[in-house]
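The primary structure of each chain is shown beneath.
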Amino acid sequence: MLYGIGMVSFLNTITMKQISLVWLRRDLRLDDQAALYHALKNETNVLPLFIFDTTILNLLPNKFDRRVDFIHQVLSDMKKELDAINSSLLVEYGDPIDVFSELIDRFTIKAIYTNRDYEPTAIARDESVKKLVESKGIAFKTFKDQCIFEQSEIVKDDGSPYSIFTPYSRKWKSKLNDFYLKSYPCKKYYHHFYQGDDFKFPDLESLGFSKTDIVYNKFVLSREIVRHYDKTRDFPALKGTSRASMHLRFGTISIRKLARYALDYNETYLNELIWRDFYMMILYHYPKIVRHSFKADYDKIPWLNNEKDFKAWCEGKTGYPIVDAGMRELNTTGFMHNRVRMIVASFLTKHLLIDWRWGEAYFAEKLDDYDLSANNGGWQWAASSGCDAVPYFRIFNPEEQTKKFDPNRAYIRKWIPELDSLDYPKPIVEHKFARERALNVYKKALAG
DNA sequence: GGCCCCTTCGG
DNA sequence: CGAAGGGGC
(Lines give C-alpha, C1' and ligand atoms only; values in the text may rest on other atoms or scores of the structure.)
Protein backbone atom coordinates (compact mmCIF):
# COMPACT_ATOMS: atom_id res chain seq x y z
CA MET A 1 0.00 0.00 0.00
CA LEU A 2 2.69 2.49 1.02
CA TYR A 3 4.71 1.30 -1.93
CA GLY A 4 1.74 2.05 -4.19
CA ILE A 5 1.34 5.64 -3.01
CA GLY A 6 5.03 6.28 -3.43
CA MET A 7 4.86 4.83 -6.91
CA VAL A 8 2.01 7.14 -7.92
CA SER A 9 3.82 10.28 -6.85
CA PHE A 10 7.01 9.01 -8.47
CA LEU A 11 5.18 8.52 -11.77
CA ASN A 12 3.58 11.97 -11.47
CA THR A 13 7.00 13.50 -11.05
CA ILE A 14 8.65 11.84 -14.00
CA THR A 15 5.75 12.39 -16.36
CA MET A 16 5.44 16.04 -15.38
CA LYS A 17 6.86 18.51 -17.84
CA GLN A 18 9.94 20.32 -16.68
CA ILE A 19 9.20 24.04 -16.55
CA SER A 20 11.09 27.26 -15.93
CA LEU A 21 9.50 30.12 -14.06
CA VAL A 22 9.73 33.85 -14.66
CA TRP A 23 9.02 35.44 -11.31
CA LEU A 24 7.34 38.78 -12.07
CA ARG A 25 7.54 41.58 -9.52
CA ARG A 26 7.86 45.14 -10.73
CA ASP A 27 8.18 44.23 -14.40
CA LEU A 28 4.58 43.40 -15.27
CA ARG A 29 4.81 43.23 -19.04
CA LEU A 30 5.50 40.64 -21.73
CA ASP A 31 7.62 42.72 -24.09
CA ASP A 32 11.06 44.30 -23.62
CA GLN A 33 11.40 42.44 -20.32
CA ALA A 34 14.92 41.22 -19.49
CA ALA A 35 14.26 38.15 -17.34
CA LEU A 36 11.40 37.01 -19.55
CA TYR A 37 13.56 37.43 -22.65
CA HIS A 38 16.42 35.37 -21.25
CA ALA A 39 14.06 32.68 -19.99
CA LEU A 40 12.30 32.39 -23.34
CA LYS A 41 15.60 32.38 -25.19
CA ASN A 42 17.32 29.75 -23.04
CA GLU A 43 14.47 27.54 -21.86
CA THR A 44 11.31 25.85 -23.00
CA ASN A 45 8.04 25.58 -21.04
CA VAL A 46 8.44 29.05 -19.61
CA LEU A 47 5.68 29.89 -17.15
CA PRO A 48 5.31 33.41 -15.72
CA LEU A 49 4.57 33.55 -12.01
CA PHE A 50 3.29 36.37 -9.83
CA ILE A 51 3.12 36.10 -6.06
CA PHE A 52 0.81 38.35 -4.08
CA ASP A 53 3.30 38.65 -1.24
CA THR A 54 1.55 38.57 2.14
CA THR A 55 4.60 40.04 3.86
CA ILE A 56 3.86 43.19 1.83
CA LEU A 57 0.04 43.04 1.61
CA ASN A 58 -0.39 42.48 5.36
CA LEU A 59 1.24 45.85 6.03
CA LEU A 60 -1.27 47.77 3.91
CA PRO A 61 -3.79 49.33 6.31
CA ASN A 62 -6.37 50.17 3.64
CA LYS A 63 -8.08 47.31 1.85
CA PHE A 64 -9.16 49.68 -0.92
CA ASP A 65 -5.63 49.94 -2.28
CA ARG A 66 -5.31 51.19 -5.84
CA ARG A 67 -1.90 49.59 -6.20
CA VAL A 68 -3.14 46.11 -5.44
CA ASP A 69 -6.16 46.65 -7.68
CA PHE A 70 -3.85 47.94 -10.43
CA ILE A 71 -1.57 44.89 -10.23
CA HIS A 72 -4.61 42.64 -10.28
CA GLN A 73 -5.95 44.31 -13.45
CA VAL A 74 -2.56 44.19 -15.17
CA LEU A 75 -2.21 40.49 -14.40
CA SER A 76 -5.73 39.85 -15.62
CA ASP A 77 -4.84 41.46 -18.99
CA MET A 78 -1.59 39.54 -19.12
CA LYS A 79 -3.37 36.27 -18.46
CA LYS A 80 -5.74 36.93 -21.36
CA GLU A 81 -2.78 37.54 -23.62
CA LEU A 82 -1.15 34.31 -22.48
CA ASP A 83 -4.39 32.34 -22.75
CA ALA A 84 -4.63 33.49 -26.35
CA ILE A 85 -1.38 31.69 -27.17
CA ASN A 86 -2.49 28.60 -25.24
CA SER A 87 -0.20 29.41 -22.35
CA SER A 88 -0.97 30.54 -18.82
CA LEU A 89 -0.04 32.63 -15.85
CA LEU A 90 0.55 31.25 -12.39
CA VAL A 91 -0.73 33.52 -9.62
CA GLU A 92 0.02 32.64 -6.02
CA TYR A 93 -0.73 34.20 -2.64
CA GLY A 94 1.54 33.93 0.41
CA ASP A 95 5.04 34.43 1.72
CA PRO A 96 7.35 33.84 -1.29
CA ILE A 97 9.45 31.31 0.65
CA ASP A 98 6.37 29.20 1.41
CA VAL A 99 5.09 29.60 -2.12
CA PHE A 100 8.34 28.40 -3.65
CA SER A 101 8.55 25.46 -1.20
CA GLU A 102 5.13 24.41 -2.39
CA LEU A 103 5.88 25.00 -6.10
CA ILE A 104 9.04 22.89 -5.89
CA ASP A 105 6.88 19.93 -4.85
CA ARG A 106 4.14 20.66 -7.35
CA PHE A 107 6.28 21.10 -10.48
CA THR A 108 9.58 19.94 -11.88
CA ILE A 109 11.36 23.27 -12.09
CA LYS A 110 14.56 23.73 -14.03
CA ALA A 111 15.25 27.39 -13.44
CA ILE A 112 13.77 30.59 -12.03
CA TYR A 113 14.38 33.87 -13.85
CA THR A 114 13.73 37.22 -12.27
CA ASN A 115 14.70 40.91 -12.51
CA ARG A 116 16.82 42.46 -9.80
CA ASP A 117 15.27 44.70 -7.17
CA TYR A 118 17.52 46.97 -5.11
CA GLU A 119 15.49 47.53 -1.94
CA PRO A 120 17.10 45.96 1.15
CA THR A 121 14.06 43.82 2.00
CA ALA A 122 13.80 42.64 -1.61
CA ILE A 123 17.50 41.76 -1.68
CA ALA A 124 17.08 39.72 1.51
CA ARG A 125 13.94 38.01 0.15
CA ASP A 126 15.66 37.10 -3.12
CA GLU A 127 18.71 35.79 -1.25
CA SER A 128 16.57 33.45 0.83
CA VAL A 129 14.58 32.23 -2.19
CA LYS A 130 17.83 31.67 -4.10
CA LYS A 131 19.23 29.64 -1.22
CA LEU A 132 16.07 27.54 -1.00
CA VAL A 133 15.74 26.73 -4.68
CA GLU A 134 19.45 26.18 -5.29
CA SER A 135 19.46 23.64 -2.47
CA LYS A 136 16.99 21.69 -4.64
CA GLY A 137 19.18 21.99 -7.73
CA ILE A 138 17.10 24.74 -9.36
CA ALA A 139 18.96 27.63 -10.98
CA PHE A 140 18.09 31.15 -9.82
CA LYS A 141 19.03 33.78 -12.41
CA THR A 142 18.63 37.53 -12.03
CA PHE A 143 18.80 40.35 -14.57
CA LYS A 144 18.88 44.13 -14.82
CA ASP A 145 15.56 45.47 -16.06
CA GLN A 146 14.34 48.31 -13.82
CA CYS A 147 16.97 50.85 -14.71
CA ILE A 148 19.46 51.70 -17.42
CA PHE A 149 22.53 51.47 -15.17
CA GLU A 150 22.50 49.63 -11.84
CA GLN A 151 24.64 48.96 -8.78
CA SER A 152 28.27 49.77 -9.65
CA GLU A 153 27.95 50.30 -13.40
CA ILE A 154 28.37 54.05 -12.95
CA VAL A 155 31.08 54.74 -10.38
CA LYS A 156 33.91 57.22 -9.93
CA ASP A 157 37.30 56.43 -11.46
CA ASP A 158 38.43 54.97 -8.12
CA GLY A 159 35.46 52.57 -8.13
CA SER A 160 33.48 54.25 -5.36
CA PRO A 161 29.84 55.23 -5.84
CA TYR A 162 28.86 58.81 -6.65
CA SER A 163 26.89 60.83 -4.15
CA ILE A 164 26.56 63.96 -6.31
CA PHE A 165 24.09 63.85 -9.16
CA THR A 166 25.79 66.04 -11.79
CA PRO A 167 29.06 64.08 -12.18
CA TYR A 168 27.02 60.87 -11.95
CA SER A 169 24.77 61.99 -14.77
CA ARG A 170 27.78 63.01 -16.87
CA LYS A 171 29.31 59.56 -16.50
CA TRP A 172 25.88 57.98 -17.11
CA LYS A 173 25.49 59.86 -20.39
CA SER A 174 29.01 59.12 -21.53
CA LYS A 175 28.48 55.39 -20.96
CA LEU A 176 25.12 55.29 -22.69
CA ASN A 177 24.84 53.84 -26.18
CA ASP A 178 22.03 52.47 -28.30
CA PHE A 179 22.65 48.98 -27.13
CA TYR A 180 21.70 49.78 -23.51
CA LEU A 181 18.42 51.16 -24.82
CA LYS A 182 17.65 48.31 -27.17
CA SER A 183 14.36 46.57 -26.58
CA TYR A 184 14.46 42.88 -25.57
CA PRO A 185 12.66 41.11 -28.41
CA CYS A 186 10.62 38.66 -26.33
CA LYS A 187 8.13 37.93 -29.12
CA LYS A 188 10.81 36.14 -31.10
CA TYR A 189 10.67 33.28 -28.59
CA TYR A 190 6.98 33.25 -27.66
CA HIS A 191 6.85 29.61 -28.82
CA HIS A 192 8.86 28.76 -25.70
CA PHE A 193 6.03 29.70 -23.36
CA TYR A 194 4.57 26.83 -21.37
CA GLN A 195 1.63 25.25 -23.20
CA GLY A 196 -1.19 23.50 -21.47
CA ASP A 197 -3.00 23.69 -18.14
CA ASP A 198 -4.83 26.82 -17.26
CA PHE A 199 -4.17 28.00 -13.73
CA LYS A 200 -6.73 29.55 -11.47
CA PHE A 201 -6.75 33.35 -11.35
CA PRO A 202 -7.74 34.67 -7.92
CA ASP A 203 -10.22 37.51 -7.62
CA LEU A 204 -9.30 40.66 -5.71
CA GLU A 205 -11.62 39.83 -2.79
CA SER A 206 -9.92 36.48 -2.20
CA LEU A 207 -6.68 38.43 -1.67
CA GLY A 208 -8.40 40.49 1.02
CA PHE A 209 -8.72 43.64 -1.12
CA SER A 210 -11.53 45.53 -2.79
CA LYS A 211 -12.12 47.24 -6.09
CA THR A 212 -11.06 50.90 -6.25
CA ASP A 213 -11.55 53.73 -8.75
CA ILE A 214 -8.35 52.91 -10.65
CA VAL A 215 -8.61 51.69 -14.23
CA TYR A 216 -5.55 50.16 -15.85
CA ASN A 217 -4.94 51.15 -19.44
CA LYS A 218 -1.80 50.44 -21.40
CA PHE A 219 0.50 53.42 -20.89
CA VAL A 220 0.96 55.66 -23.90
CA LEU A 221 3.66 58.29 -23.58
CA SER A 222 2.70 61.61 -25.09
CA ARG A 223 5.42 62.80 -27.44
CA GLU A 224 4.18 66.39 -27.08
CA ILE A 225 4.46 66.30 -23.29
CA VAL A 226 8.01 64.95 -23.43
CA ARG A 227 8.95 67.50 -26.09
CA HIS A 228 7.81 70.42 -23.92
CA TYR A 229 8.67 68.83 -20.60
CA ASP A 230 11.37 71.34 -19.61
CA LYS A 231 8.94 74.24 -20.11
CA THR A 232 5.79 72.75 -18.58
CA ARG A 233 6.90 70.34 -15.87
CA ASP A 234 6.84 72.81 -12.98
CA PHE A 235 3.26 74.00 -13.40
CA PRO A 236 0.88 71.70 -11.55
CA ALA A 237 -2.17 73.20 -13.25
CA LEU A 238 -0.89 72.03 -16.65
CA LYS A 239 -0.74 68.55 -18.09
CA GLY A 240 3.01 69.03 -18.33
CA THR A 241 4.42 65.81 -16.90
CA SER A 242 4.42 62.34 -18.39
CA ARG A 243 2.48 60.59 -15.61
CA ALA A 244 4.69 57.55 -16.12
CA SER A 245 5.57 57.05 -12.45
CA MET A 246 3.07 54.34 -11.56
CA HIS A 247 3.83 52.46 -14.77
CA LEU A 248 7.54 52.63 -14.05
CA ARG A 249 6.92 51.43 -10.53
CA PHE A 250 5.11 48.30 -11.68
CA GLY A 251 6.96 47.85 -14.95
CA THR A 252 3.95 48.30 -17.22
CA ILE A 253 6.30 50.46 -19.30
CA SER A 254 9.93 49.71 -20.09
CA ILE A 255 12.51 52.20 -18.85
CA ARG A 256 14.45 51.67 -22.07
CA LYS A 257 11.51 52.83 -24.12
CA LEU A 258 11.12 55.96 -22.01
CA ALA A 259 14.85 56.67 -22.18
CA ARG A 260 14.83 56.41 -25.98
CA TYR A 261 12.02 58.95 -26.08
CA ALA A 262 13.84 61.19 -23.64
CA LEU A 263 17.05 61.02 -25.62
CA ASP A 264 15.24 61.92 -28.82
CA TYR A 265 12.99 64.66 -27.50
CA ASN A 266 14.00 66.24 -24.21
CA GLU A 267 17.20 66.40 -22.17
CA THR A 268 15.41 67.60 -19.03
CA TYR A 269 13.16 64.56 -19.16
CA LEU A 270 16.21 62.34 -19.60
CA ASN A 271 17.74 63.91 -16.49
CA GLU A 272 14.67 62.96 -14.49
CA LEU A 273 15.08 59.34 -15.59
CA ILE A 274 18.75 59.56 -14.57
CA TRP A 275 17.68 60.80 -11.11
CA ARG A 276 15.66 57.61 -10.86
CA ASP A 277 18.72 55.45 -11.64
CA PHE A 278 20.76 57.62 -9.27
CA TYR A 279 18.46 57.09 -6.30
CA MET A 280 18.22 53.33 -6.97
CA MET A 281 22.02 53.20 -7.03
CA ILE A 282 22.22 55.23 -3.80
CA LEU A 283 19.75 52.91 -2.02
CA TYR A 284 21.73 49.89 -3.21
CA HIS A 285 25.02 51.23 -1.85
CA TYR A 286 23.62 52.92 1.26
CA PRO A 287 20.68 50.83 2.53
CA LYS A 288 20.92 52.57 5.92
CA ILE A 289 19.14 55.58 4.38
CA VAL A 290 15.84 53.72 4.79
CA ARG A 291 15.97 54.59 8.50
CA HIS A 292 18.78 57.11 8.79
CA SER A 293 19.80 60.39 7.26
CA PHE A 294 22.33 60.00 4.45
CA LYS A 295 24.29 62.73 6.23
CA ALA A 296 24.54 61.29 9.72
CA ASP A 297 24.68 64.76 11.36
CA TYR A 298 21.11 65.40 10.31
CA ASP A 299 19.87 62.70 12.68
CA LYS A 300 20.81 65.11 15.47
CA ILE A 301 18.00 67.49 14.54
CA PRO A 302 15.51 67.71 17.44
CA TRP A 303 12.30 67.40 15.41
CA LEU A 304 9.24 68.93 17.03
CA ASN A 305 6.98 66.16 15.68
CA ASN A 306 3.80 67.89 16.79
CA GLU A 307 0.93 65.43 16.14
CA LYS A 308 -1.64 68.17 15.60
CA ASP A 309 0.52 69.90 12.99
CA PHE A 310 1.16 66.58 11.28
CA LYS A 311 -2.56 65.86 11.12
CA ALA A 312 -3.24 69.28 9.60
CA TRP A 313 -0.54 68.66 6.99
CA CYS A 314 -1.89 65.18 6.16
CA GLU A 315 -5.43 66.49 5.75
CA GLY A 316 -4.46 69.55 3.74
CA LYS A 317 -5.51 72.02 6.43
CA THR A 318 -2.33 73.99 7.12
CA GLY A 319 -3.75 77.26 5.80
CA TYR A 320 -1.03 77.36 3.13
CA PRO A 321 -3.02 76.88 -0.08
CA ILE A 322 -0.28 75.34 -2.24
CA VAL A 323 0.58 72.84 0.51
CA ASP A 324 -3.05 71.99 1.16
CA ALA A 325 -3.86 71.64 -2.53
CA GLY A 326 -1.01 69.14 -2.91
CA MET A 327 -2.07 67.07 0.07
CA ARG A 328 -5.67 67.01 -1.10
CA GLU A 329 -4.60 65.96 -4.58
CA LEU A 330 -2.66 63.13 -2.94
CA ASN A 331 -5.48 62.09 -0.62
CA THR A 332 -8.05 62.16 -3.41
CA THR A 333 -6.15 60.69 -6.34
CA GLY A 334 -3.07 58.83 -5.02
CA PHE A 335 -0.89 61.20 -7.03
CA MET A 336 0.78 64.55 -6.46
CA HIS A 337 2.54 66.76 -8.96
CA ASN A 338 6.30 66.65 -8.39
CA ARG A 339 6.79 70.41 -7.91
CA VAL A 340 4.16 70.25 -5.18
CA ARG A 341 5.78 67.18 -3.60
CA MET A 342 8.88 69.31 -3.06
CA ILE A 343 6.84 72.14 -1.56
CA VAL A 344 4.86 69.98 0.89
CA ALA A 345 8.01 68.10 1.92
CA SER A 346 9.91 71.32 2.55
CA PHE A 347 6.95 72.66 4.53
CA LEU A 348 6.70 69.56 6.74
CA THR A 349 10.41 69.27 7.49
CA LYS A 350 11.28 72.98 7.74
CA HIS A 351 8.17 74.98 8.61
CA LEU A 352 6.75 72.35 10.94
CA LEU A 353 10.06 70.68 11.91
CA ILE A 354 8.54 67.24 11.55
CA ASP A 355 10.84 64.29 10.86
CA TRP A 356 11.11 63.50 7.15
CA ARG A 357 10.41 59.85 8.05
CA TRP A 358 6.85 60.79 9.04
CA GLY A 359 6.27 62.44 5.71
CA GLU A 360 7.85 59.61 3.81
CA ALA A 361 5.68 57.06 5.62
CA TYR A 362 2.57 59.06 4.72
CA PHE A 363 3.59 59.19 1.07
CA ALA A 364 4.31 55.45 1.17
CA GLU A 365 0.77 54.83 2.27
CA LYS A 366 -0.92 57.24 -0.14
CA LEU A 367 1.10 57.39 -3.36
CA ASP A 368 0.13 54.94 -6.07
CA ASP A 369 3.59 55.36 -7.58
CA TYR A 370 5.35 54.91 -4.23
CA ASP A 371 8.88 53.69 -4.70
CA LEU A 372 11.30 53.48 -1.78
CA SER A 373 14.42 54.77 -3.54
CA ALA A 374 12.76 57.76 -5.21
CA ASN A 375 10.67 58.73 -2.20
CA ASN A 376 13.44 58.39 0.31
CA GLY A 377 15.66 60.35 -2.07
CA GLY A 378 13.05 63.07 -2.50
CA TRP A 379 12.29 63.39 1.20
CA GLN A 380 15.92 63.49 2.25
CA TRP A 381 16.53 66.03 -0.51
CA ALA A 382 13.82 68.30 0.89
CA ALA A 383 14.93 67.78 4.50
CA SER A 384 18.53 68.55 3.43
CA SER A 385 19.68 65.30 5.06
CA GLY A 386 20.23 63.47 1.77
CA CYS A 387 23.03 63.14 -0.74
CA ASP A 388 23.16 66.11 -3.07
CA ALA A 389 20.26 67.67 -1.16
CA VAL A 390 19.05 71.23 -1.04
CA PRO A 391 21.14 73.15 1.56
CA TYR A 392 19.39 73.41 4.91
CA PHE A 393 19.15 77.20 4.75
CA ARG A 394 17.16 77.04 1.55
CA ILE A 395 13.56 77.00 2.71
CA PHE A 396 10.80 77.12 0.11
CA ASN A 397 8.51 80.08 0.60
CA PRO A 398 5.05 78.69 -0.23
CA GLU A 399 3.79 82.07 -1.44
CA GLU A 400 6.79 82.61 -3.74
CA GLN A 401 6.45 79.06 -5.08
CA THR A 402 2.80 79.78 -5.81
CA LYS A 403 3.61 83.01 -7.66
CA LYS A 404 6.15 81.20 -9.80
CA PHE A 405 4.40 77.93 -10.48
CA ASP A 406 0.68 78.45 -9.97
CA PRO A 407 0.36 82.16 -10.76
CA ASN A 408 -3.36 82.02 -11.55
CA ARG A 409 -4.00 79.74 -8.60
CA ALA A 410 -5.72 77.33 -10.96
CA TYR A 411 -4.23 74.26 -9.26
CA ILE A 412 -4.99 75.66 -5.82
CA ARG A 413 -8.61 76.40 -6.73
CA LYS A 414 -9.07 72.98 -8.23
CA TRP A 415 -8.27 71.32 -4.91
CA ILE A 416 -9.48 73.98 -2.47
CA PRO A 417 -12.91 75.15 -3.59
CA GLU A 418 -13.51 76.87 -0.21
CA LEU A 419 -10.30 78.92 -0.54
CA ASP A 420 -11.95 82.33 -0.19
CA SER A 421 -14.50 81.33 2.43
CA LEU A 422 -14.30 81.31 6.19
CA ASP A 423 -14.15 77.52 6.09
CA TYR A 424 -10.56 77.67 4.91
CA PRO A 425 -8.17 77.61 7.91
CA LYS A 426 -5.75 80.37 8.91
CA PRO A 427 -2.05 79.43 8.56
CA ILE A 428 -1.04 77.06 11.37
CA VAL A 429 2.32 78.75 11.60
CA GLU A 430 3.59 82.12 10.40
CA HIS A 431 6.09 81.84 7.54
CA LYS A 432 8.76 84.23 8.81
CA PHE A 433 8.69 82.79 12.31
CA ALA A 434 8.81 79.19 11.00
CA ARG A 435 11.69 80.00 8.67
CA GLU A 436 13.80 81.55 11.44
CA ARG A 437 12.97 78.68 13.76
CA ALA A 438 14.05 76.07 11.19
CA LEU A 439 17.28 77.92 10.47
CA ASN A 440 18.11 78.08 14.18
CA VAL A 441 17.22 74.48 14.94
CA TYR A 442 19.12 73.07 11.95
CA LYS A 443 22.12 75.33 12.54
CA LYS A 444 22.38 74.48 16.22
CA ALA A 445 21.95 70.72 15.66
CA LEU A 446 24.52 70.58 12.89
CA ALA A 447 27.06 72.63 14.84
CA GLY A 448 26.82 70.50 17.98
C1' DG B 1 52.57 33.79 -34.51
C1' DG B 2 50.78 38.23 -35.18
C1' DC B 3 47.90 41.49 -37.16
C1' DC B 4 43.87 43.22 -39.39
C1' DC B 5 39.24 43.04 -40.77
C1' DC B 6 34.78 41.59 -40.31
C1' DT B 7 31.08 39.38 -37.89
C1' DT B 8 28.83 38.36 -33.78
C1' DC B 9 27.14 39.16 -29.57
C1' DG B 10 25.99 41.17 -25.15
C1' DG B 11 22.13 44.19 -21.77
C1' DC C 1 27.89 50.95 -29.18
C1' DG C 2 32.07 48.46 -28.20
C1' DA C 3 34.39 44.13 -27.00
C1' DA C 4 35.61 39.64 -28.40
C1' DG C 5 36.69 36.21 -31.44
C1' DG C 6 37.28 33.80 -35.91
C1' DG C 7 39.35 33.66 -40.43
C1' DG C 8 42.53 35.06 -43.80
C1' DC C 9 46.95 36.51 -45.00
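Here is a short report on the structure shown in this document. In this text, all values refer to a predicted model and were calculated from it rather than measured experimentally. (Residues numbered from 1 in each chain as written. Chains lettered and ligands numbered in written order. Predicted model: local features only at pLDDT ≥ 70, side-chain atom pairs only at ≥ 80, totals over all residues. Heavy atoms only, no water.)

1. Quick look at the overall build of chain A
Moving on, step 1. Within chain A, the regular secondary structure consists of 21 helices and 5 strands.
Moving on, step 2. Against the compact-globule benchmark of 22 Å for 448 residues, chain A has a radius of gyration of 24 Å, which places it among compact chains.
Moving on, step 3. In terms of overall dimensions, chain A has C-alpha extents of about 85 × 50 × 45 Å along its principal axes.
Moving on, step 4. For chain A, long-range pairs separated by at least 24 residues make up 80% of all intrachain contacts whose partners lie at least 6 apart in sequence.
Moving on, step 5. Total accessible area on chain A stands at roughly 20900 Å², and carbon and sulfur atoms take up 55% of it.
Moving on, step 6. Distance between charge centres in chain A, computed from 66 positive and 60 negative side chains, equals 4 Å. (Helix = DSSP H or I, 4+ residues; strand = E, 2+ residues; numbered from the N terminus. Rg over C-alpha atoms; globule rule 2.2 N^0.38 Å. Contact = heavy atoms within 4.5 Å. Areas by Shrake-Rupley, 256 points an atom, 1.4 Å probe, with all protein chains shown as cover. Lys, Arg positive; Asp, Glu negative; His and termini not counted. Charge placed at Lys NZ, Arg CZ, Asp CG, Glu CD.)

2. Some words on the packing of helix α7 (residues 165-175) against helix α13 (residues 267-285)
Moving on, step 1. For the pair α7 and α13, interaxial distance at closest approach is 10 Å and the crossing angle is 105°. The pairing of α7 with α13 is recorded here as roughly perpendicular in orientation. Between α7 and α13, the contacting residues are F165, Y168, S169, W172 and K173 on the first element and E267, L270, N271, I274, W275, D277, F278 and M281 on the second.
Moving on, step 2. In terms of residue class, the contact of α7 with α13 is made up of 8 nonpolar, 2 polar and 3 charged. (Axes fitted to C-alpha atoms, helices over the stretch in contact; angles between N-to-C directions. Parallel < 35°, antiparallel > 145°, perpendicular 65-115°, else oblique. Nonpolar A, V, L, I, M, F, W, Y, C, P; charged D, E, K, R; others polar.)

3. Remarks on the sheet that holds strand β4 (residues 108-115)
Moving on, step 1. Spatially, the 5 strands line up as an open sheet ordered β3-β2-β1-β4-β5, and their pairing is parallel. Each of the sheet's edge strands pairs with one partner strand only, and the pair in question is β3 (90-94) and β5 (139-143). Neighbour to neighbour, the strand axes of the sheet diverge by 30° on average, direction disregarded.
Moving on, step 2. Pairing of strand β1 (residues 18-24) with strand β2 (residues 46-53), which is carried by 5 bridges, proceeds in the parallel orientation. Residue S20 lies in a different strand from β2, and its bridge partner there is V46.
Moving on, step 3. Taken strand by strand, helix α2 (residues 34-42) contacts β1, β2, β4 and β5, and its axis lies near 145° from that of β4.
Moving on, step 4. Running over the sheet, helix α5 (residues 96-106) touches β1, β2, β3 and β4 and is turned about 130° from β3. (Pairing = 2+ DSSP bridges.)

4. Some words on the packing of aromatic side chains
Moving on, step 1. A complete count under the given rule lists 37 aromatic pairs for this structure.
Moving on, step 2. Ring geometry for Y162 against Y168: centres 6.1 Å apart, planes inclined by 80°, an arrangement best described as edge-to-face. Of the two residues examined, Y162 and Y168, each falls in the buried class.
Moving on, step 3. Taking 5.9 Å as the distance between ring centres and 5° as the angle between the ring planes, the aromatic pair formed by Y392 and Y442 counts as stacked. In this pair, Y392 sits in the loop between α18 (372-383) and α19 (398-405) while Y442 sits in helix α21 (residues 431-447), placing the two residues 50 residues apart along the sequence. Note on accessibility: Y392 and Y442 belong to one class, buried.
Moving on, step 4. Here the aromatic cluster, defined as three or more aromatic residues joined through ring pairs, consists of Y162, F165, Y168, W275, F278 and Y279. (Phe/Tyr/Trp six-rings, centres within 6.5 Å; stacked < 30°, edge-to-face > 60°. Buried < 20%, exposed > 50% of the residue type's maximum accessible area, 1.4 Å probe, protein only.)

5. Some points on the protein's contact with DNA strand B
Moving on, step 1. All residues adjacent to DNA strand B are K41, K144, F179, L181, K182, S183, Y184, P185 and R256.
Moving on, step 2. Taken together, the sugar and phosphate atoms account for 19% of what DNA strand B places within 4 Å of the protein.
Moving on, step 3. K144 places a polar side-chain atom, nitrogen or oxygen, 3.3 Å from a sugar or linking oxygen of DNA strand B.
Moving on, step 4. Looking at the surface near DNA strand B, its residues break down into 4 nonpolar, 1 polar and 4 charged. (Near = heavy atom within 4 Å. Polar contact = N/O pair within 3.5 Å; in protein donor to acceptor, adjacent residues only side chain to side chain.)

6. Regarding the nonpolar core
Moving on, step 1. By size, the foremost hydrophobic cluster in this structure holds 82 residues, and its most contacted members are Y168, W172, L258, Y269, W313 and Y442.
Moving on, step 2. A per-element tally of this core places α13 first, with 9 residues.
Moving on, step 3. Residues lining this core come from more than one domain, with at least three contributed by each of domain 2 (146-184 + 211-285) and domain 3 (290-447).
Moving on, step 4. What W172 contacts, discounting residues up to four positions off in sequence, is I148, F149, I154, L270, I274 and D277.
Moving on, step 5. Among the nonpolar cores identified, the runner-up in size contains 38 residues, and V46, M78, Y113 and L204 belong to it. (Core = buried A, V, L, I, M, F, W, Y, C linked by side-chain atoms within 4.5 Å. Domains from an automatic or database assignment.)

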